[in-house]
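# Structural overview for review
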Amino acid sequence: AQSVAQPEDQVNVAEGNPLTVKCTYSVSGNPYLFWYVQYPNRGLQFLLKYITGDNLVKGSYGFEAEFNKSQTSFHLKKPSALVSDSALYFCAVRDPSNTGKLIFGQGTTLQVKP
Amino acid sequence: DAGVTQSPTHLIKTRGQQVTLRCSPISGHKSVSWYQQVLGQGPQFIFQYYEKEERGRGNFPDRFSARQFPNYSSELNVNALLLGDSALYLCASSLNFYYGFSYEQYFGPGTRLTVT
């Protein structure tokens, strides 16, 4: 079965430091991977996606993600964190048997402290 | 352009009642998906519709149903509400639908349903 794991419930980082939010996946075939961010009482905002090509994907708000096929990982990164980056982050993978379906991880809360 | 809109924002219902949630996709988007997000969890896929036809269904009971209208807006209906149906219901729109490809899904702010 297809699945996504986000091993950290919460990540704490100081403003200005680099951040990494981890994601591993299990899917048959080639993975289509996504990152979304959710602010309190808001819907999910699309950050970036990986379909094919360069393993380093650049997205919105300075975020990027590194795809690693051998480790089945798709970690979200940002070189310099902002307090306003504090939010709930979700990694998702497309279900290959139902291409309109996204399978989400349980989410990681990012806390950036000034 | 407006993003995905959902109504109502909040809703309180009693067990056994029925509820209808509404979604308007981004202009030009033809596909709508529905997700349920229980507090502390990631969204769970309920349905996807494209061109008024159901294209995908998640592992939800038959109490959940949906439809898409000619203007691509959509409704999600839940009958015989249970306490466990309390959640944030998210609607997402995407430009198109094509087997073997995945278009980005853009989410609305959600409808917070509380069942008492």
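Nothing here was measured: the structure is a model prediction, and the numbers come from that model.

### Brief notes about unusual backbone geometry
Residues and elements named next belong to chain B.
- Across the junction of Ser7 and Pro8, the peptide omega takes the value -10°, indicating a cis bond.
- Structurally, Pro8 is set in the loop between strand S1 (5-7) and strand S2 (10-13).
- Unusually for a residue other than glycine, Lys52 sits at a positive phi of about 70°.
- By relative accessible area, which is 47% here, Lys52 ends up partly exposed.
- Even without glycine at this site, Ala80 takes up a positive phi of about 45°.

### What to know about the pairing of strand S12 (residues 108-113) of chain A
Residues and elements named next belong to chain A.
- With burial as the criterion, only one face of S12 is covered, namely that bearing Thr108, Leu110 and Val112; the residues Thr109, Gln111 and Lys113 on the opposite face remain uncovered.
- As paired elements, strand S2 (residues 10-14) and S12 share 5 bridges and run parallel to each other. Paired with Val11 across the two strands is Leu110, which belongs to S12.
- Where strand S10 (residues 87-95) lies against S12, 3 bridges are found, and the strand directions are antiparallel. When the sheet's bridge partners are listed, Ala87 is paired in S12 with Leu110.

### Remarks on the nonpolar core
- A:Trp35, A:Leu47, A:Leu48, A:Phe74, A:Leu76 and A:Tyr89 are the most contacted members of the largest nonpolar core, which has 28 residues in total.
- Among the elements of the structure, S2, strand S3 (19-21), strand S5 (33-38), strand S6 (44-50), strand S8 (64-68), strand S9 (73-78), S10 and S12 of chain A are those that each provide at least two residues to this core.
- Here A:Phe74 is in contact with A:Cys23, A:Leu33, A:Phe34, A:Trp35, A:Leu48, A:Lys49, A:Tyr50, A:Ala65, A:Glu66, A:Phe67 and A:Cys91, once residues within four sequence places are set aside.
- The next biggest cluster of nonpolar side chains, apart from the first, holds 21 residues, and it includes B:Val4, B:Leu21, B:Phe47 and B:Val78.

### Concerning the pattern of salt bridges
- By the definition in use, this model includes 9 salt bridges over all chains.
- Linking B:Glu54 and B:Arg57 is a salt bridge whose minimum nitrogen-to-oxygen distance equals 3.3 Å.

### Considering the packing of aromatic side chains
All names here are of chain A.
- Throughout the structure, instances matching the rule amount to 15 aromatic pairs over all chains.
- Aromatic side chains Tyr50 and Phe74 sit 6.4 Å apart centroid to centroid with 55° between the ring planes, which places their arrangement in the tilted category. Placement of the pair is Tyr50 in strand S6 and Phe74 in strand S9, with a sequence separation of 24 residues. Of the two residues, Tyr50 and Phe74, both sit in the buried class.

About the cut-offs
- Residues numbered from 1 in each chain as written.
- Chains lettered and ligands numbered in written order.
- Predicted model: local features only at pLDDT ≥ 70, side-chain atom pairs only at ≥ 80, totals over all residues.
- Heavy atoms only, no water.
- Helix = DSSP H or I, 4+ residues; strand = E, 2+ residues; numbered from the N terminus.
- Buried < 20%, exposed > 50% of the residue type's maximum accessible area, 1.4 Å probe, protein only.
- Pairing = 2+ DSSP bridges.
- Core = buried A, V, L, I, M, F, W, Y, C linked by side-chain atoms within 4.5 Å.
- Contact = heavy atoms within 4.5 Å.
- Salt bridge = Lys/Arg side-chain N within 4 Å of Asp/Glu carboxyl O.
- Phe/Tyr/Trp six-rings, centres within 6.5 Å; stacked < 30°, edge-to-face > 60°.

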